[in-house]
Amino acid sequence: VLELYEKFSSYTDPGEYAYLYKDLPEPLEELCDLIKCQLIHPADVKQFIDVIPKDRYYEDPKFPNVEKLLEGLIQFDSNGLTFDRKPEHRLVVTCQLHALLLASILKSRGIPTRLRYGFAPYLAKGKGLHIYHIICEVWNNKEKRWMFVDPDRNMVDFSRDQFELAGDVWLQFQNG
């Protein structure tokens, strides 16, 4: 089963932009930091209103897969995936594309990774809300277990009770 999650899909394949993954940091925490230097979630764009025009506040439809996402990043800044990308050269995309980019990078290293859809109470702490969200589940080969990673919120190996998988929620709903 792990072999399946090591392979690129049509969504995670970087295509001609695979060269951008060379020399990226190894630790997941640093990769999450790097992704946040490339992408801005639409919920966070208000802090950049002075440099990002309103017509760019939601760019997901422009980027149906990682190859197109990387192409878009290169069009803004040909230096590749860097920690010093200017906010106006970042893409404004949702958690799904944050997760796809991390999955793509990890798959390029042969690390099994899958996207997980569900609800994240941590996005609205103390409000009792369970916000729809997409994260990665990454195989930890050393410990022989899956772990949650949220590249959009820079969270690595957090507790399973902090994220409700969509399938589990559906089953709970069906069971009353």
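Right above here is the structure, for reference.
Worth saying up front: this structure is predicted, and the values here are computed from it rather than measured.

A.B. asks: Tell me about unusual backbone geometry, residues and numbers included.
C.D. replies: Even without being a glycine, aspartate 23 presents a positive backbone phi close to 70 degrees. On the secondary structure map, aspartate 23 appears in the loop between helix H1 (2-6) and helix H2 (28-36). Phi angles above zero are rare outside glycine, and aspartate 157 is one such case at about 55 degrees. Relative to the elements of secondary structure, aspartate 157 occurs in strand E6 (residues 155-158). Judged by its relative accessible area of 36%, aspartate 157 is partly exposed.

A.B. asks: Give me the lowdown on the state of the cysteines, citing residues and values where you can.
C.D. replies: Within this structure, the stated rule accounts for zero disulfides. This cysteine, cysteine 32, is not joined by any disulfide, and cysteine 136 carries the nearest cysteine sulfur, 8.0 Å off. A disulfide-free cysteine, cysteine 95 has its sulfur positioned 10 Å from the sulfur of cysteine 136, the nearest such atom.

A.B. asks: Could you give an account of the packing of aromatic side chains, with specific residues and numbers?
C.D. replies: Tallying each qualifying case throughout the model produces seven aromatic pairs. Between tyrosine 5 and tryptophan 146, the ring centres sit 5.7 Å apart and the planes meet at 90 degrees, which makes this aromatic pair edge-to-face. With tyrosine 5 in helix H1 and tryptophan 146 in strand E5 (residues 145-150), this pair connects stretches of sequence that are 141 residues apart. Residue class for tryptophan 146 comes out buried when judged on its relative accessible area of 15%. Their ring planes at 75 degrees and their centres at 5.5 Å tell us that tyrosine 122 and phenylalanine 158 sit as a pair that is edge-to-face. Of this pair, tyrosine 122 sits in the loop between strand E3 (113-120) and strand E4 (131-140) while phenylalanine 158 sits in strand E6, and the two are 36 residues apart along the sequence. For tyrosine 122, a relative accessible area of 11% puts it in the buried group. Given a relative accessible area of 9%, phenylalanine 158 falls into the buried group.

A.B. asks: Break down the side chain of threonine 94 for me, with residues and values.
C.D. replies: Here threonine 94 shows up in the loop between strand E2 (91-92) and helix H4 (95-108). Not counting the four nearest positions on each side in its chain, threonine 94 is found in contact with His41, Pro42, Tyr58 and Asp60.

A.B. asks: Can you explain the nonpolar core? Please cite residues and give values.
C.D. replies: Tyr21, Leu69, Leu70, Leu81, Leu101 and Leu102 are the most contacted members of the largest nonpolar core, which totals 33 residues. Elements that contribute at least two residues to this core include exactly H2, helix H3 (66-76), H4, E4 and E5. If you tally residues by element for this core, the top one is H4, at nine residues. Beyond its immediate chain neighbours, meaning those up to four positions away, tyrosine 21 contacts Pro14, Val66, Leu70, Leu81, Leu101, Ser104, Ile105 and Ser108. Within the second largest apolar cluster, eight residues are counted, among which are Ala120, Tyr122, Ile135 and Phe158.

A.B. asks: If you had to explain the environment of isoleucine 40 to someone new, which residues and values would you point to?
C.D. replies: In this structure, isoleucine 40 sits in strand E1 (residues 39-40). Residue isoleucine 40 is classed as buried on the basis of its relative accessible area, which comes to 3%. Put simply, isoleucine 40 and glutamate 88 are 48 residues apart on the chain and 9.8 Å apart in space, counted from C-alpha to C-alpha. Setting aside its immediate chain neighbours within four residues, isoleucine 40 contacts Val45, Phe48, Ile52, Pro87, Arg90, Leu91, Val92, Val93 and His98.

Procedures and definitions
- Residues numbered from 1 in each chain as written.
- Predicted model: local features only at pLDDT ≥ 70, side-chain atom pairs only at ≥ 80, totals over all residues.
- Heavy atoms only, no water.
- Helix = DSSP H or I, 4+ residues; strand = E, 2+ residues; numbered from the N terminus.
- Buried < 20%, exposed > 50% of the residue type's maximum accessible area, 1.4 Å probe, protein only.
- Disulfide = S-S within 2.5 Å.
- Phe/Tyr/Trp six-rings, centres within 6.5 Å; stacked < 30°, edge-to-face > 60°.
- Contact = heavy atoms within 4.5 Å.
- Core = buried A, V, L, I, M, F, W, Y, C linked by side-chain atoms within 4.5 Å.

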